[in-house]
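# A closer look at the structure
Residue strings, one per chain:
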Amino acid sequence: MDKTQIDNLKEKLFYNPKHASEVMSDNEIETADGFCEGYKDFLDKSKTEREAVDTIISLAETNGFVQFIPGEKYNAGEKIYYNNRGKSVILCVIGKKSIIEGVKIAAAHIDSPRIDLKPNPLYEDTSMALFKTHYYGGIKKYQWPTIPLALHGAVVLKDGTVVKVCIGEDDEDPKLVITDLLPHLGAQQGKRTLSDGIRGEELNILVGSRPFKGDDSSEAVKLNILNILYEKYGFVEEDFLSAELEAVPAFKACDIGFDRSMIGSYGHDDRVCAYPAVMAALDAVDPDYTIMSVLTDKEEVGSDGNTGLDSSYMQYFINYLAAMEGYDGYEVIRKCECLSADVTCAFDPTFPEVLDKRNSAFINKGVAVMKYTGARGKAGTSDASAEYMAKVRAMLDNANILWQTGELGKVDEGGGGTVAKYVAKLDVDVIDIGVPVLSMHAPFEVVSKLDVYMAYRAFYEFFVQ
Ligand code: MN
Ligand code: MN
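Residues numbered from 1 in each chain as written. Chains lettered and ligands numbered in written order. Predicted model: local features only at pLDDT ≥ 70, side-chain atom pairs only at ≥ 80, totals over all residues. Heavy atoms only, no water.

## Observations concerning the overall build of the protein chain
Of regular secondary structure, the protein chain possesses twelve helices and 23 strands. Rg of the C-alpha trace for the protein chain: 24 Å, near the compact-globule value of 23 Å for 465 residues, within the 12% margin. For the protein chain, the spread of C-alpha atoms along the three principal axes comes to 90 × 60 × 40 Å. Expressed as a percentage of its 465 residues, the buried residues of the protein chain come to 50%. In the protein chain, once contacts between residues fewer than 6 apart in sequence are set aside, the share between residues at least 24 apart is 75%. Carbon and sulfur atoms make up 51% of the accessible area of the protein chain, which amounts to about 21,600 Å² in all. Counting 49 positive and 73 negative side-chain charges, the protein chain places the averaged centre of each group 3 Å from the other. (Helix = DSSP H or I, 4+ residues; strand = E, 2+ residues; numbered from the N terminus. Rg over C-alpha atoms; globule rule 2.2 N^0.38 Å. Buried < 20%, exposed > 50% of the residue type's maximum accessible area, 1.4 Å probe, protein only. Contact = heavy atoms within 4.5 Å. Areas by Shrake-Rupley, 256 points an atom, 1.4 Å probe, with all protein chains shown as cover. Lys, Arg positive; Asp, Glu negative; His and termini not counted. Charge placed at Lys NZ, Arg CZ, Asp CG, Glu CD.)

## A few points about the coordination of the manganese ion (ligand 1)
Around the manganese ion (ligand 1), the protein supplies H109 (NE2), D269 (OD), D342 (OD) and D342 (OD) as donor atoms, at distances of 2.1 to 2.6 Å. Separation of the manganese ion (ligand 1) from the manganese ion (ligand 2) amounts to 3.3 Å, with D269 serving as a shared donor to the pair. One end of the pair, H109, is in strand 4 (residues 103-109); the other, D269, is in helix 7 (residues 268-283), and 160 residues separate them in sequence. Residue D269 is classed as buried on the basis of its relative accessible area of 3%. (Donors = N, O, S within 2.8 Å, 3.2 Å for Na, K, Ca; no water.)

## Quick notes on the domain arrangement of the protein chain
Frequently, the measure chosen for interface size is the accessible area that the parts lose on association. Splitting the protein chain by domain gives domain 1 (3-112 + 266-464) and domain 2 (114-249). Of the residues lining the interface, 17 residues belong to domain 1; the matching set on domain 2 comes to 17 residues. Buried surface at the junction of domain 1 and domain 2, both sides included, amounts to about 1,500 Å², of which 47% is carbon and sulfur. Counting the contacts that link domain 1 with domain 2 gives five salt bridges. For the salt bridge of R114 with E49, the shortest nitrogen-to-oxygen distance reads 3.0 Å. Run the count over domain 1 and domain 2 and you get ten residue pairs in polar contact (both at pLDDT 80 or more). Looking at the side of domain 1 that touches domain 2 residue by residue, the classes come out as four nonpolar, three polar and ten charged. (Domains from an automatic or database assignment. Buried area = accessible area lost by both parts, 1.4 Å probe. Salt bridge = Lys/Arg side-chain N within 4 Å of Asp/Glu carboxyl O. Polar contact = N/O pair within 3.5 Å; in protein donor to acceptor, adjacent residues only side chain to side chain. Nonpolar A, V, L, I, M, F, W, Y, C, P; charged D, E, K, R; others polar.)

## Re the coordination of the manganese ion (ligand 2)
The coordination sphere of the manganese ion (ligand 2) contains the protein donors D269 (OD), E300 (OE), E300 (OE) and H441 (NE2), at a distance range of 2.0 to 2.6 Å. When the donor residues of the manganese ion (ligand 2) are listed from N- to C-terminus, their spacing reads D-x30-E-x140-H. The class of H441 is buried, set by a relative accessible area of 18%.

## Some details on the layout of surface pockets
By volume, the largest pocket is sized at about 1,200 Å³. The wall of the largest pocket is formed by 40 residues, among which C345, L408, G415, M440 and H441 lie closest to the centre. Looking at the lining of the largest pocket, the elements that each hand over two or more residues are strand 16 (344-345), strand 20 (415-416) and helix 11 (420-424). For the lining of the largest pocket, the class distribution of residues is 15 nonpolar, 16 polar and nine charged. For the lining of the largest pocket, the domains that each give at least three residues are domain 1 (3-112 + 266-464) and domain 2 (114-249). In this structure, the second largest pocket spans a volume of roughly 380 Å³. Along the wall of the second largest pocket there are 17 residues; nearest its centre are Y15, K18, D397, I401 and W403. Elements with a contribution of two residues or more to the lining of the second largest pocket: helix 10 (386-398), strand 19 (403-405) and helix 12 (449-464). (1 Å grid on protein atoms, 1.4 Å probe; cavity = no way out; pocket = protein on both sides within 12 Å on 5 of 7 lines; lining within 4 Å. Points joined across faces, edges and corners; volume = space filled by probe spheres on them.)

## Regarding the packing of helix 10 against helix 12
Closest axis-to-axis distance for the helix 10/helix 12 pair is 10 Å, and the angle between their directions is 105°. Between helix 10 and helix 12, the interaxial angle falls into the category roughly perpendicular. Between helix 10 and helix 12, the contacting residues are Y388, M395 and L396 on the first element and A458, E461 and F462 on the second. Residues belonging to the contact of helix 10 with helix 12 are distributed by class as follows: five nonpolar, no polar and one charged. (Axes fitted to C-alpha atoms, helices over the stretch in contact; angles between N-to-C directions. Parallel < 35°, antiparallel > 145°, perpendicular 65-115°, else oblique.)

## What about the pairing of strand 8 (residues 162-167)?
Where strand 7 (residues 149-156) meets strand 8, six bridges bridge the pair, whose relative direction is antiparallel. By the bridge assignment, V156 is partnered in strand 8 with V162. In this antiparallel pair of consecutive strands, strand 7 and strand 8, the connection spans five residues, and G160 shows a positive phi of 95°. (Pairing = 2+ DSSP bridges.)

## A look at the side chain of K298
Inspection of the secondary structure puts K298 in the loop between strand 14 (290-296) and helix 8 (313-324). In this structure, K298 is in contact with K87, D111, Y136, S303, D304, T307 and G308, ignoring residues within four places of it in sequence.

## Let's talk about the environment of G374
Looking at where G374 falls in the secondary structure, it is placed in strand 18 (residues 374-375). Classification of G374 as buried rests on a relative accessible area of 15%. Put simply, G374 and A243 are 131 residues apart on the chain and 33 Å apart in space, counted from C-alpha to C-alpha. With near-sequence residues (within four places) excluded, G374 lies in contact with A379, G380, T381, G414, G415 and G416.

## Things to note about the sheet that holds strand 23 (residues 445-448)
Read from one edge to the other, the open sheet built from three strands follows the order 12-13-23, with strand pairing classed as antiparallel. The two strands at the open ends of the sheet, each matched to only one other strand, are strand 12 (254-256) and strand 23. Here the average twist between neighbouring strands, direction ignored, is 35°. Sheet strands touched by helix 3 (residues 26-45): strand 12 and strand 13 (262-265). Its angle to strand 13, the strand with the most contacts, is close to 5°. Of the strands in this sheet, strand 13 and strand 23 touch helix 7, which is tilted by about 30° from strand 23.

Rendered as structure tokens:
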């Protein structure tokens, strides 16, 4: 064989995942960059699961979706949404085929790691007012002090009134902050391990320092803060007991790199899959199969709770659709197919030791498909079948969608899970697919614009094929 023949043989036999620069035209890159402008806007408006639901419903209604009414009959092409307690939402377009052919489901989560307030958060110490917190999800606690924080969420009064709170997002808004020790006095702290560098009970948020005017008694600073909150929002200290207040980074999404090829933001995990899944559902006009984008809550704490995917809300919604055509839910659900749309770890050249280069996802190599997640010998994963992997692989290649495989770290290095196993539990074929992320779970994560766009193309193709 001559050199050309050998090269051809290599081309035929070797698996060589491509880099975006090899396969994407300038036009397609421009389209991808344009798509990401909408994504950045979504990120800034949707920092919590409640805000994401509001933004998604508003986008859906603008695109002709109407609120689902149980028992109502919907016809092919009709677009509906199901709002689960304001914290998770399903977008659904009724297909031309009967529901008994199954539903195509893309499931992403809209909660992100953050700092929640404790039920009784506010206290005063040495004339400073602070909030006690309990962090939510897997964070490296040392990353959260000394960055500007915003407070988002809802306080529910005893009469049921929901008071929405969002402070720290406008440029002129005050921000909040967790303090850290100065290095001059950090010698003992420096001897702690990194994971213990800042402890859970040290994540106290500074919220004020001026006393209530004319009050020289104790807790005058706390009184002043409560009075400000009462005048602005109309709630009192006891109302914190029925509140969900979440401190998140106050900064906005922005381009990263001199070439603007990446986006830095809080909460890419998993809005970077949620937004493409939403846009794919909005763009999937008159699909053959009934399609659903499920934007769920609670993934970062194990999918427990009635707004997470270990609850039955998605199954019950499919039961309603099945009943509409006179079928039992189980007859439909076992025919469903699902893309579990969640991020994966991107290879970081600064920390190569934890990743197997041959099985890791890289930024700019497209959306990553993971046959399994889990840890310690694949524990806690649904591990998609080779048959389903083959089907998804063919779908992506046939549509010229740039994709790669990925694995969350070397064997026994760590690991993680997604909603895939809760979908699999329902007797549904499911595989993990998502965007590679640098600095995952940090207050400021990084993704590649081209990968975000490829995630959108993958979900859209899945819906309309
Ligand atoms: Mn995730
Ligand atoms: Mn996560």
